[in-house]
Every structure is written in structure tokens, then in C-alpha cells.
Amino acid sequence: MINYDKHKNNKVFCPVPWVHVALRSDGNVTPCCKWNNTDQPIYKDYTYDPFGAFNSKHTLAFREQLEKGIKSIGCNQCYVNEEVGKESLRQRIIKKVSSQTPSAKEQIFASPQIRFLELNISNFCNLKCASCDVHQSNLWEKDEIELNKLGILRPGSNINTLKKFNTKDINLDKLIENHLSTDPSFTFFSIKILGGEPSIQPEVLTLLESCSKKDKLQFQTNTNAVIFPNKLIQIFKKLNKVDISLSIDGIEDYDRYLRYPSNWKSKLENIKKYMELASMYDNINIKFHCTVSILNIFHLEYYDSFLKKLFGENIVIFYSLLQRPEYLSIAYHKKVDIQAEEYVLNYMYSKQPNKQYINNFKIFKNYIENTRDIKPLEELDLRYAGMFD
């Protein structure tokens, strides 16, 4: 068994492969949602089989690699976040494990098992967001084909979107029982379901309804707030804890531009319902999640002030940096926050700009504005005018 206290301050070590596994919407299984090594998938022989993957020789090898302090290219997103001062998933999980009792920490590494399961059941979605791809939204399929014809290769190409994960393979009651039985301090099991859009996927409702130990289940999910899923909400009220992340990248016209074909007026009403729900039930928490790209970096100050004026200064807003597609990303450069406007302009007009990214951005921007019922954003055009000379 490893000495956790010895390893926890190592900048490479991560507890993930001892407690967690993630299923992507394309059937690929990864150690976590941040894993980003699609060229060499760690579990290539375990498509749609998160349980087999977790118990495989590949997981054992990955654990040994982390114990030795050897970096993995798949963990690069956490390394990048930490370099620019953003808290990474690796750091958050280390904090969580460190908060456990000594006996619980011992059991985590002495008896590796799935204690936190993440599922992207399918790419079934009701939006085709500008920063998304066919991995997360089936509505992107036709656009992927057309953009490929224009020479814009997207990260989601060639996905088999017809196949789905069979939720009948998951016995939540058994997972909860296995986890809680290893140490008295363990009082709940965690599951995270992402999209696609979980609120419209019938498998999510079926899976949660099948669990008889709802008071032992902590549930995390995200939603674009296009609908307010009343049946799911009734189940949420019975769970131990529910963390809902409202994926909102822009306000008013920015919302429809970035998350087409969203209707801001109806979405805002649903957001208000979610906030009211959280105020009524102590077990339900709401936060806002904004994916930062070159499409909304200049909008963030208004975004932040709008939400805080409407819902109060104490709301939680989490900003994450878009990684792919690269031509929409500023994630691989300097530290980014809501005051980053000057830096972004300097980057775009630097002496050695990435001409390919700029050209792809131009093609992509023209494509979505010409094929979707959206208003071009005047501010965006003014900020990046020089890029199109």
C-alpha cells in the first residue's frame, strides 16, 4: 500500500485511479473527465466498459506511474491549469482525500474501488454550442461534415453517435454498498452524469429511479437550463446531496450566439427556478459554469455583474478555459481571468500569431453566422477587426 502523506505534495501524483473512472459519450473510458490523450487511449480495449477498465492491468500500470512521479500526457490539462494558477481537478481530489479520516485514507489505497463514478451516457442534446462538438451534442453532426469540407477539423470527428451505454449494467445500490462497507466514515457514494444534456436523456431518470438507497447518493450534473426537468427534480429532493452546474456562457444575445438555438428569455426563467429550488432545499446546490473562449472573453465582466446583480454577490461562478478546438482557445497561454482583455488582444496581434488558428477562427465564425439564426456580435467584430484585414 502506498504512503499517501508522502505522495500528496508531489505535483504529479493523483488519487484518481484508486477511486474513479469516467465513461465518455463516445464509449471511450478514461481515468477522469480531464484526460486528454485521444491518440493513445489508456483503455482502448474497454469501450463502454468502465468497470472492466478500472480493474484492468492498465489501471495498475497508471497507478505505478503516478507513484513514481512520472508525468502522463493525458493529465496535461491539470498541469496547464496549475501552471496558470487555476485549481485543477487533481488538486481538488487531493483536498477531498486529505480531508478523510486516517482509516478512510488507508482504505482508499488499500482497497481500490470505484467510489466516484462519472458517466457521459450519450451525446443526445438540445443545443449545438459554438465551443462544443459531436462528442457532446448529436446536433453537431451535420455541421462537423460541412466544416470538414472547409478544412476545419473538429475534435469530435468520426464518432459513432448511434451507440449508447446501457445503464442496466450499473447497479447503484451495489456500488453504494461496496463503498460504504469499507470504512464507517464513508456515508455516501458519488456519481456524476454529464452530457450531451442530462436533463433530456431518459437513461438518467431510469438510473436514478432504480436506486433504492437515494439517501446515500450524492449526485453531480450539468445542464444548459433550456428546460426545467420536473420528474428529475422530484428525485433530486430525495438524494443525499445534489450539485447542479448551470452551463451558461453568455447573457442575452451572447447566449444564443454561443449556445444556439437557446432562447435567453425562457432560459432565464428556468435559471430562476433552479435558484429558487436551491433556496428551498438544503441538499441542492447551484453554481454557474462558464466556458471561456475567444468568443466570450470580452463579455465576462458584464456576465459576472449581470448574474451577481440578479442573484446576489455570493453566487458561485466557475470559469474554465476551453481547450479544444484550439482556434477558439486561449487556454494554453497566460493566466486568464475576467480582466484578461488586454492580454487577449496582445496575443491576437502578436508578432508571431498562429496564422492557421486565426484563419480557422475566421472560417468558423463566418460559417456559424451564415448558417444559424443568430446576430453577429458587434463587440466581437470590433475587437477582432484587425484579424480579418
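None of these values were measured; they are calculated from a predicted model.

### Topic: the packing of aromatic side chains
At step 1: As enumerated under the stated definition, the model contains 12 aromatic pairs in all.
At step 2: Ring geometry for Trp18 and Phe109: centres 5.4 Å apart, planes at 70°, overall edge-to-face. With a gap of 91 residues between them, Trp18 in helix α2 (residues 16–19) and Phe109 in helix α7 (residues 102–110) connect regions that are remote in the sequence.
At step 3: According to the relative accessible area criterion, Trp18 is buried, its value standing at 3%.
At step 4: Its relative accessible area of 6% is what places Phe109 among the buried residues.
At step 5: Lying across the ring of Tyr79, Lys71 places its NZ or CZ 4.7 Å from the centre.
At step 6: A cation sits over an aromatic face here: Lys287 above Phe318, 5.2 Å from the ring centre.

### Examining the sheet that holds strand β5 (residues 217–223)
At step 1: Taken together, the 8 strands give an open sheet; going across it, the order is β2-β1-β3-β4-β5-β6-β7-β8, and neighbouring strands pair in mixed fashion. The sheet is open, and its two edges are formed by β2 (29–30) and β8 (317–321), each paired on a single side.
At step 2: Against the sheet, helix α13 (residues 264–280) touches β5, β6 (241–247) and β7 (284–292), its axis set at about 140° to β7.

### Focus: the nonpolar core
At step 1: Membership of the largest hydrophobic core comes to 106 residues, with the highest contact counts inside it found for Ile191, Phe236 and Phe288.
At step 2: Considering every element that reaches this core, the biggest residue donor is α13, with 6 residues.
At step 3: Those residues within four positions of Phe236 in sequence are excluded, and the remaining contacts are Leu208, Phe219, Val242, Ile244, Asn283 and Ile284.

### Thoughts on the confidence of the model for the protein chain
For residues with low pLDDT, the predicted coordinates do not support detailed interpretation.
At step 1: Chain-level statistics for the protein chain give a pLDDT mean of 85 and a share of 86% at 70 or above.
At step 2: Low confidence marks residues 333–339, where pLDDT is under 50. Its contacts with residues over four positions away, or in another chain, come to 15 contacts.
At step 3: Below pLDDT 50 for its whole length, residues 347–351 participates in 12 contacts with residues either more than four positions away or in separate chains.

### Describing the environment of Asn28
At step 1: Positionally, Asn28 belongs in the loop between β1 (20–23) and β2.
At step 2: Measuring from C-alpha to C-alpha, the distance between Asn28 and Thr47 comes to 5.1 Å, with 19 residues separating the pair along the chain.
At step 3: Setting aside its immediate chain neighbours within four residues, Asn28 contacts Ala22 and Leu23.

### Some remarks on the packing of α13 against helix α14 (residues 300–311)
At step 1: In the contact formed by α13 and α14, the axes pass within 12 Å of each other and the chain directions differ by 50°. As far as their axial angle goes, α14 and α13 are oblique. Pair α13 / α14 crosses with right-handed handedness. Residues Trp264, Leu268, Ile271, Lys272 and Met275 of α13 lie in contact with α14, whose contacting residues are Phe306, Leu310 and Phe311.
At step 2: Split by residue class, the contact of α13 with α14 holds 7 nonpolar, no polar and 1 charged.

Thresholds applied
- Residues numbered from 1 in each chain as written.
- Predicted model: local features only at pLDDT ≥ 70, side-chain atom pairs only at ≥ 80, totals over all residues.
- Heavy atoms only, no water.
- Phe/Tyr/Trp six-rings, centres within 6.5 Å; stacked < 30°, edge-to-face > 60°.
- Helix = DSSP H or I, 4+ residues; strand = E, 2+ residues; numbered from the N terminus.
- Buried < 20%, exposed > 50% of the residue type's maximum accessible area, 1.4 Å probe, protein only.
- Lys NZ or Arg CZ within 6 Å of the ring centre and 35° of its normal.
- Pairing = 2+ DSSP bridges.
- Contact = heavy atoms within 4.5 Å.
- Axes fitted to C-alpha atoms, helices over the stretch in contact; angles between N-to-C directions.
- Core = buried A, V, L, I, M, F, W, Y, C linked by side-chain atoms within 4.5 Å.
- pLDDT = per-residue confidence, 0-100.
- Parallel < 35°, antiparallel > 145°, perpendicular 65-115°, else oblique.
- Left-handed = near helix turned anticlockwise from the far one by under 90°.
- Nonpolar A, V, L, I, M, F, W, Y, C, P; charged D, E, K, R; others polar.

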